[in-house]
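Below, each chain spelled out in residue letters.
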Amino acid sequence: MVQRTSSGATGSLPPTPIPVAVHASDPLSRAGVHSQLRQQPTIELVDPAGSRPGTVAVLVTDTLDEAALSSLRRLVRADGARAVLVASMIREAELLQVIECGVGAIVWRQEATGHRLLQAVLAASRGDGDLPSDLLGRLITQVGSMQRSTSGAAGGPVSGLAPREVDVLRLVAEGMDTEEIAGKLSYSERTVKNVMHGLTTRLLLRNRAHAVAYALREGYI
């Protein structure tokens, strides 16, 4: 789910440890994240050079320069990793780029405790989103401004989302998880998962956060 806050339950734990590769430009940051995650029995730390399918890549950076954005694109698009970004600051111009790179989980460096990192890794491994509440608000504002600036140019949103897909995405944007969405819409959890899988696959969207950004940009929600 796309969370509004950086607190809350981590959800059901995976049956086997999740492989996690930590990418950092300096050894101190790498060692710090390792020390936090090493205490988590549901996580298996792996060498970034030998990552395997299903690996969650945790990228640690202070600010997002072009090198960091390039690393994110390579990790997600070329290596097929699920990405967690740990950053001190993300500027307005970079936020949508980060989401469209395929990053669904973001943690502020000052909040990167072991529990918070585990929460983000679990969300990324499931393909869910986990954004701090202030970033989610900024994303909604930014995409809303983009949508308003182009309104009228094409006569409305392009065809692409069915009504029940819009219903599901609206609840995802409100911070609900699969179980909560199913209860709200009187669907089974499998139906909700199928709806999300269908729209992300059809529209070439990388995760739930990217799907919410798409729906906001196109004026569906």
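Look up: the structure comes first, before these words.
This text gives an overview of the structure that appears in the document. Predicted, not measured: the structure shown is a model, and the values here were computed from it. (Residues numbered from 1 in each chain as written. Predicted model: local features only at pLDDT ≥ 70, side-chain atom pairs only at ≥ 80, totals over all residues. Heavy atoms only, no water.)

## Re the overall build of the chain
A count of helical and extended segments in the chain gives 9 helices and 5 strands. Start at the N end of the chain and walk to the C end: the helices and strands fall as β-α-β-β-α-β-α-β-α-α-α-α-α-α. Within the chain, the fraction of its 221 residues that count as buried is 48%. Counted over contacts in the chain with a minimum sequence separation of 6, partners at least 24 positions apart contribute 73%. In the form shown here, the chain has an accessible surface area of approximately 10500 Å², with 52% of it arising from carbon and sulfur atoms. (Helix = DSSP H or I, 4+ residues; strand = E, 2+ residues; numbered from the N terminus. Buried < 20%, exposed > 50% of the residue type's maximum accessible area, 1.4 Å probe, protein only. Contact = heavy atoms within 4.5 Å. Areas by Shrake-Rupley, 256 points an atom, 1.4 Å probe, with all protein chains shown as cover.)

## A look at the sheet that holds strand S1 (residues 18-24)
Here 5 strands make up an open sheet; going across it, the order is S2-S1-S3-S4-S5 and the pairing parallel. Looking along the sheet, the strands with just one partner apiece sit at the ends: strand S2 (43-45) and strand S5 (105-108). The mean inter-strand angle of the sheet, taken between neighbouring strand axes irrespective of direction, is 25°. Pairing of S1 with S2 involves 3 bridges; the strand directions are parallel. Across the sheet, isoleucine 18 pairs through a bridge with isoleucine 43, a residue of S2. (Pairing = 2+ DSSP bridges. Axes fitted to C-alpha atoms, helices over the stretch in contact; angles between N-to-C directions.)

## Thoughts on the packing of helix H6 (residues 163-173) against helix H9 (residues 208-217)
Contact geometry for H6 and H9: axes closest at 10 Å, N-to-C directions at 110°. With respect to H9, the element H6 is oriented roughly perpendicular. Seen from above, H6 lies across H9 with left-handed handedness. Contacts from Leu169, Val172 and Ala173 of H6 reach H9 at Arg208, Ala211, Val212 and Ala215. (Parallel < 35°, antiparallel > 145°, perpendicular 65-115°, else oblique. Left-handed = near helix turned anticlockwise from the far one by under 90°.)

## Details of the packing of aromatic side chains
Per the stated rule, a full pass over the model turns up 1 aromatic pair. Seen in terms of ring centroids, tyrosine 214 and tyrosine 220 are 6.5 Å apart; in terms of plane orientation they differ by 25°. Their pairing is stacked. Across the pair, exposure class does not vary: tyrosine 214 and tyrosine 220 are buried alike. (Phe/Tyr/Trp six-rings, centres within 6.5 Å; stacked < 30°, edge-to-face > 60°.)

## Structural notes on helix H1 (residues 27-37)
Taken residue by residue, H1 has Ser29, Val33, His34 and Leu37 as its buried positions. One face of H1 carries all of its buried residues, which in axial projection span an arc of 135°. Facing away from the buried surface of H1 by more than 90 degrees, the exposed residues are Pro27 and Leu28. Packed against the buried residues of H1 are S1, S2, strand S3 (56-61) and helix H4 (114-126). (Arc of directions from axis to C-beta.)

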